[in-house]
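What follows is the residue order along each chain.
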Amino acid sequence: MPGDDSGERLAEALSAFASGVTLVTVADGRDDIGTTVSAFCPVSLEPPLVLVSLIADSYPAEVLGRAGRFAVTILGAAQRALAGRFAAAGRPSARLLLDDAPHFRGAQSGALIPEGGLAALECEASQRLPAGDHLVVMAAVLAVPYVADAGEPLIRFAGRYPALRPG
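Now for a description of the structure that goes with this document. (Residues numbered from 1 in each chain as written. Predicted model: local features only at pLDDT ≥ 70, side-chain atom pairs only at ≥ 80, totals over all residues. Heavy atoms only, no water.)

### Here's the deal with the pairing of strand β10 (residues 134-147)
Taken together, the seven bridges between strand β5 (residues 48-55) and β10 define a ladder with antiparallel strand orientation. Bridging across to β10, valine 52 finds its partner in valine 137. Judged from the eleven bridges that link them, strand β9 (residues 119-131) and β10 form a sheet pairing that is antiparallel. When the bridges of β10 are listed, cysteine 123 appears paired with valine 141. (Pairing = 2+ DSSP bridges. Helix = DSSP H or I, 4+ residues; strand = E, 2+ residues; numbered from the N terminus.)

As structure tokens, then:
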């Protein structure tokens, strides 16, 4: 129906927006936290800024609300299972979720960073903005631990992770 602005209809409309999938990880001193995030956006090259948006009442948002530094891994298509692990409700520590995946600890953020993604960024939160049911975090990029030479991105579209089709 034209003009229907119900929350369900809005969610349906927004699922039509394809987005890349990232993994946001934080070391908070007690544990390693991580979550799958498709609400990631490059903001500026000069100065280097990105933003991430997390569900406001989630534990990762709580941790990122007080932690200064974190990492963002731009996931590749081969990391679909990893994205699923970090999206599951009641997930354990990021250390356990990355136990069988090659990873390292970021020199700038101290966060766990999985290898095999398309790129990884280490960031420092500069602004936090409550935005409806989300927390938007603007962050300065401190380091780029790696950029892959090639690879297919993991994308989210209509609630799924479809493969890109060669065009």
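Here the narrative resumes.
### With respect to the sheet that holds β10
Taken together, seven strands build an open sheet; the order of strands is β3-β2-β6-β9-β10-β5-β4 and the sheet is antiparallel. In the strand order of this sheet, the two ends are held by β3 (32-37) and β4 (40-45), each with one partner. Mean inter-strand twist for the sheet, computed between neighbouring axes without regard to direction, equals 30°. Here helix α3 (residues 80-87) sits on the sheet in contact with β2 (22-27) and β3, set at roughly 115° to β3. (Axes fitted to C-alpha atoms, helices over the stretch in contact; angles between N-to-C directions. Contact = heavy atoms within 4.5 Å.)

### Concerning the side chain of threonine 36
Following the sequence through the fold, threonine 36 ends up in strand β3. A polar contact is formed between the side chain of threonine 36 and the backbone oxygen of alanine 83, at a distance of 2.6 Å. In contact with threonine 36, not counting residues within four places along its chain, are Val21, Thr22, Leu23, Ala83, Phe86, Ala87 and Tyr161. (Polar contact = N/O pair within 3.5 Å; in protein donor to acceptor, adjacent residues only side chain to side chain.)

### Some points on the side chain of glutamine 79
With respect to the helices and strands, the residue glutamine 79 is situated in the loop between β6 (69-74) and α3. Dropping the residues within four chain positions of it, glutamine 79 is found in contact with Ile74, Pro114, Glu115, Gly116, Gly117 and Leu154.

Remember, this is a structural readout, not a statement about activity or role.
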